[in-house]
Amino acid sequence: DIISDKHIAISEYSSSFTLNKCLQMKPAVHTIPALLEASVASSPAAVFLQHRAGKELSTLTYRETAAAVNRLSVCLIRSGCQKGDRLALLAENSREWIITYLAILRTGCVVVPLDSLMPLSDIIHILEFSHCRRFYCSKHFAAQITGLPPTERPRIPVQLLKPVETRPEPPDPEFNFPELQSS
């Protein structure tokens, strides 16, 4: 059958061509922090995210986001977080959630993201059985947790998400933080 022979020939050529192209390409970016760094290098001034607070719409560029992520990563490391630690994260959709998520990954820690629509009893159960070292959450969820009787609260520190600081972008796009060099 001529059509299937052509299809096979094209398919084999296409696969060979694709494999050859892949072998010539640079290694793929394999982690989310590396993807962010690559995006900062290629498009530092591009908008990474937008946030609406009432009628105000604010934006963060890739460079501003990376700077906020690196600042928080340094804080996490200085507070004793180590590569491989499990850190729980619970908040409404927000810039703070995104920055905290990326910062946790940047330090080499493991994010345990919790669904904000889960019942509080399920959240406590996951916190207990996931062996998280810390629990980062929004004010809303911190109030719910601290409102529980002491015997029902998680036995790990509860910490509020840090507000995103939008500082002027540093002139050095590499954001050299010695604490982050080993991750």
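A brief look at the structure comes next. Numbers given to residues run from 1 along each chain, matching the order in which its sequence is written. This being a predicted model, a pLDDT of at least 70 is required before a residue's local features are given, and a value of 80 or more before pairs of side-chain atoms are given or counted; all residues contribute to the totals for chains, interfaces and linings. The side-chain numbers reported here are obtained from all heavy atoms of the structure, hydrogens and water having been left aside.

This part takes up the sheet that holds strand β6 (residues 158-160). Here, any two strands with at least 2 DSSP bridges between them count as paired. Under the DSSP-based scheme used, a helix requires at least four consecutive residues in state H or I and a strand at least two consecutive residues in state E, with every element numbered from the N terminus. One open sheet holds the 4 strands; their spatial order is β4-β3-β5-β6, and the pairing between them is parallel. Edge positions in the sheet fall to β4 (110-113) and β6, since each has one partner strand and no second. For this sheet, the mean angle separating the axes of adjacent strands, direction not counted, is 30 degrees. Only heavy atoms matter for contacts: two residues are in contact if any of them lie within 4.5 Å across the pair. Angular values range over 0 to 180 degrees, each being the angle between N-to-C directions of two axes fitted as lines to C-alpha atoms, with helices fitted over their stretch in contact. Relative to the sheet, helix α4 (residues 95-106) contacts β3 (86-90), β4 and β5 (134-137), its axis offset from that of β4 by approximately 145 degrees.

Helices are assigned an expected span. That span is 1.5 Å times one less than the residue count. Along its 17 residues, helix α3 (residues 62-78) runs 24 Å from first to last C-alpha, staying within 8% of the 24 Å computed at 1.5 Å per residue. The classification of residues rests on relative accessible area computed with a 1.4 Å probe and restricted to protein chains. Under 20% of the type maximum is buried, over 50% is exposed, and intermediate values are partly exposed. Buried within α3 are the following residues: Arg63, Thr65, Ala66, Ala67, Ala68, Val69, Asn70, Arg71, Leu72, Ser73, Val74 and Leu76. Count one or two residues on from α3 and you reach Gly80, which has phi positive near 110 degrees.

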